[in-house]
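Structural overview for review
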Amino acid sequence: MAEDSRIMTLPTLTMRGATVYPGTVLNFDVERPFSIAALNAAIGTDRMIFLVGQKDLTVDKPGAKDLYEVGTVCRLGQILKVPGGNGVKAIVEGLHRGRLLRVTAETPCFWANVQIISEKPYPLHDRRVEAEIRRCCELFTEYGNVSGTVTPEMLLKLIDKEDPSFVADYIALNVYLRARDKQTLLEERDPVQRLRLLGRFLTRELEILDIEQDISEATSERMSKSQREYYLREQMKAIRAELGDENDEDEVEEYRRKILEKHFAEDVEKKLLKELDRLAKQPFGSSEGAVLRTYLDTCLELPWDVRTEEVVDVRAARRALDEDHYGMEKVKERIIEYLSVRQLSEQVKGGVLCLVGPPGVGKTSIAMSIARATNRKLARISLGGVHDEAEIRGHRKTYVGAMPGRLIAGIQQAGSCNPVLVLDEIDKLGSDYRGDPSAALLEALDAEQNHAFRDHFLEIPFDLSECFFITTANTTDTIPRALLDRMEVIELGSYTDEEKLQIAKGHLLPKQRKKHGLTGNQLRITDDAIREIISDYTRESGVRVLERELAAVCRKAAARIASGEGKSLRLKEGELEKVLGAPKFKNSALTLTDSVGLVHGLAWTSVGGEVLDVECAVLPGSGKLELTGNLGDVMKESCQAALSFIRSRCGELGIEPDFNKTKDIHIHFPEGAVPKDGPSAGCAITLCVASALSGVPARGDVAMTGEVTLRGRVLPIGGLREKTMAALRAGIHEVLIPEGNVSDLEEIDPLVRSQLHFTPVKSVDQVIDAALRREKTGASAAAEGVFLSECGAAQKGISICQ
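Values in this document were obtained by computation on a predicted structure and should not be read as measured data.

**Concerning the overall build of the protein**
The secondary structure content of the protein amounts to 28 helices and 24 strands. Computed over the C-alpha atoms, the radius of gyration of the protein is 46 Å, more than 25% above the 28 Å expected from 2.2 N^0.38 for a compact globule of 802 residues. Counting over 802 residues, the protein shows a buried share of 46%. Intrachain contacts of the protein at a sequence separation of at least 6 include 72% that bridge at least 24 residues. Each charge class in the protein can be summarised by its mean position, and for the 106 positive and 124 negative side chains these summaries are 3 Å apart.

See the structure below:
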């Protein structure tokens, strides 16, 4: 942009949103103190002042960097004081465009060196220039017709004007343009190019005005429609009043008000209003009206946007979990991890945990503790024995007595859209001709789909993604694979005797004392007495029966105190029989002496581990194999595999090669009324048969577990934690375990680790060498040492011997 040589030092006034052009007059209000000071300073400079726009309109005290480079040199006309305020009204006339070279002062007002910008010459009587002028005038006229802000006097000033600079500046002053567009026009030195820019800006403004007019007309039509509907409703009210049905109209309006206040999603609101319109048309007392009222009441009572503020304090949550439950470290650790992630990222919503374990270990109660630790509402949904899919998804509202499914009912019961939903006994779901409930749960438990869960009764989507689902089960065998895949499974094992003791002391006994109105001084039970209750009066993996036995003790104490027989009851070991009666369970006395054809195996049951004796008798016969003890197919196959392996090792074991033709073998598992199955008794069966055939006694202080193959390999097994606890209770000193289970030793109880010796084995030969009382060759002893070094016998905290 070219400038002439004239440079002036003028007071400078910064403009916010307003622009004055050369040859135009502008009046505006001035309130900022430094702007008023600039007007006063202009009186001393022959009323000349420089007006320049500021880049950011929100800046109240701009600096030199906040000002545009191009402004307008003006002559100050009048300054009028505004009554009742501190501001003034100024009238200025634009003279020249000017470039701000440098700000020389900023207080009490801006002073700047300004250089006059000359106009670029344009061809006179050029048809293109005339065409641009006519186009801008026509657009200006059209703008005036649409906006109504252009007076006829403004249009008269442009008649017969041939100066493109004046036409462009005058129109730009009198139309609404964005501040940056006005500044662009001010900075353009070429009048013809300025006309072209103005034409584009005016075209855009006209398009915006057309859109505004369409919006205004649509709003006006809606208002007219609303007024018409209001008039018709008033007439309907009068008619209903004559018929005595005015309460129905009030009810409909109340429903409408509640629906609109909820601010539902568009599709949900449309559905509810449609059902409301159907209700309004129903005659008084119709059955369809009752169905619609129930539907609307259910939808409006749901907590669509009601949330409880979740506690993400990890320490407080851990403290709450520890107060309610002893042990269960895996579950607690998983909940703490979830809360830690929530503390770092709010994008994580719900989750799906599946707690699997035997009865009575606290699966349901830990779920309730999770709700308390996270400050969420809780709803428990029992799924045991549910066969109907409609129990999960609800019934269509057209059916008599229809209601939402259990999930939506649980949300309604909790009163928030982010509760902890406990789906109890999910492994006991059934299916019949009415559908498969587990298939209905697939959508609800899928994080990618449950944001729009559709209940058959509601028929509108409800967001379940913020719910924390916790399912409980005794086994995963009966849970469909697709459903199990959607859940994070956490297994809860049986409690050890030591854990039961701590739970009884810290939770169960104080609870029962409080329930029966006893104090700690009125009933005292020693630790040894509690251990006796656990071993002689309960046989369970959890603590339910233990709690009942403690309740029985509390009742005896209450009866003793109430009858005046004493003021308190103190129980020690050996004194329980007079309170609880004869012991209900007695640990079978194991034969810990070395015996031929008798080996101690280890078994897992739903109530914990057991020591399972294996007995073998060799009789003269024709090679028959007799199996007794209520065995399953897998266990029978383990016996056949053990016998085949022994036949392949006859020479090494000192057994007659033709025993399969001259001897009958009878393998028996005591407690024949109890069903037994599984492959983990393979080691015990093989050793027992080898002992019976060779006549070599097996060690009585050793128990073992492991699956055996035809090649003599020992494979890993499950339930090692419970099995080792059973071995410790029975007085076993050493346990043979598969080499693949060495890593599982870290998860067993520390007391068990310290009391038992564990010998890892990877072949039956090593089992025989470790548990049969026979002479060992030097080669076999050396092989044992090599095996121990391979298995890492010196693991920290675990006693492993050979």
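**With respect to the packing of helix H8 (residues 266-280) against helix H9 (residues 287-301)**
One way to put it is that H8 packs onto H9 with a least axis distance of 9 Å and a crossing angle of 150 degrees. With respect to H9, the element H8 is oriented roughly antiparallel. The chirality of how H8 crosses H9 is left-handed. In this structure, H8 uses Lys-271, Leu-272, Glu-275, Leu-276, Arg-278 and Leu-279 to contact H9, whose residues at the interface are Glu-288, Gly-289, Leu-292, Arg-293, Tyr-295, Leu-296 and Cys-299. Taken together, the residues that form the contact of H8 with H9 break down as 7 nonpolar, 1 polar and 5 charged.

**A closer look at the side chain of Glu-132**
As for its placement among the helices and strands, Glu-132 is situated in helix H2 (residues 127-147). Sequence-distant contacts of Glu-132, that is, excluding residues within four places in its chain, are made with Leu-195 and Arg-196.

**Quick notes on the sheet that holds strand E7 (residues 351-356)**
The 5 strands lie next to each other as E8-E9-E12-E7-E13, forming an open sheet whose pairing is parallel. The strands lining the two open edges of the sheet, one partner per strand, are strand E8 (378-382) and strand E13 (488-491). Direction aside, neighbouring strands of the sheet carry axes that sit 20 degrees apart on average. Strand direction decides the pairing type here: E7 and strand E12 (residues 468-473), joined by 6 bridges, are parallel.

**What about unusual backbone geometry?**
In the segment running from Thr-107 into Pro-108, the intervening peptide bond is cis, with an omega of -5 degrees. Within the element layout of this structure, Pro-108 appears in the loop between strand E5 (88-105) and strand E6 (110-117). A positive phi angle, close to 60 degrees, is found at Asp-46, a residue other than glycine. Among the structural elements, Asp-46 can be located in the loop between helix H1 (33-42) and strand E3 (48-53). Despite not being glycine, His-263 has its phi angle at roughly 55 degrees, a positive value. Under the relative-accessibility criterion, His-263 is labelled exposed at 64%.

**Digging into the nonpolar core**
One finds Leu-272, Leu-407, Ile-426, Leu-441, Leu-464, Phe-469 and Met-487 to be the most contacted residues of the largest nonpolar core, which totals 51 residues. Residues contacting Leu-272, with those up to four places away along its chain left out, are Ile-259, Phe-264, Tyr-295, Leu-296, Cys-299 and Ile-460. Judged by nonpolar contacts, the second largest core, of 50 residues, contains Val-30, Cys-74, Val-88 and Tyr-170.

**A short note on helix H10 (residues 314-324)**
What H10 keeps buried is the set Ala-317, Ala-320 and Leu-321. One face of H10 carries all of its buried residues, which in axial projection span an arc of 95 degrees.

**Notes on the packing of aromatic side chains**
What describes a pair of aromatic rings is the distance from one ring centre to the other and the angle between the planes of the rings. Tallied over the entire structure, the rule returns 5 aromatic pairs. Three or more aromatic residues link up through ring pairs in this structure, and these residues are Phe-264, Trp-304 and Phe-462.

**Looking at the side chain of Glu-443**
As for its position among the elements, Glu-443 is in helix H15 (residues 437-444). When its relative accessible area of 16% is taken as the criterion, Glu-443 is described as buried. Look past the residues within four positions of Glu-443 in its chain and what remains in contact with it is Arg-393, Gln-449, Asn-450, Ala-452, Phe-453 and Arg-454.

Rules of the game
Residues numbered from 1 in each chain as written. Predicted model: local features only at pLDDT ≥ 70, side-chain atom pairs only at ≥ 80, totals over all residues. Heavy atoms only, no water. Helix = DSSP H or I, 4+ residues; strand = E, 2+ residues; numbered from the N terminus. Rg over C-alpha atoms; globule rule 2.2 N^0.38 Å. Buried < 20%, exposed > 50% of the residue type's maximum accessible area, 1.4 Å probe, protein only. Contact = heavy atoms within 4.5 Å. Lys, Arg positive; Asp, Glu negative; His and termini not counted. Charge placed at Lys NZ, Arg CZ, Asp CG, Glu CD. Axes fitted to C-alpha atoms, helices over the stretch in contact; angles between N-to-C directions. Parallel < 35°, antiparallel > 145°, perpendicular 65-115°, else oblique. Left-handed = near helix turned anticlockwise from the far one by under 90°. Nonpolar A, V, L, I, M, F, W, Y, C, P; charged D, E, K, R; others polar. Pairing = 2+ DSSP bridges. Core = buried A, V, L, I, M, F, W, Y, C linked by side-chain atoms within 4.5 Å. Arc of directions from axis to C-beta. Phe/Tyr/Trp six-rings, centres within 6.5 Å; stacked < 30°, edge-to-face > 60°.

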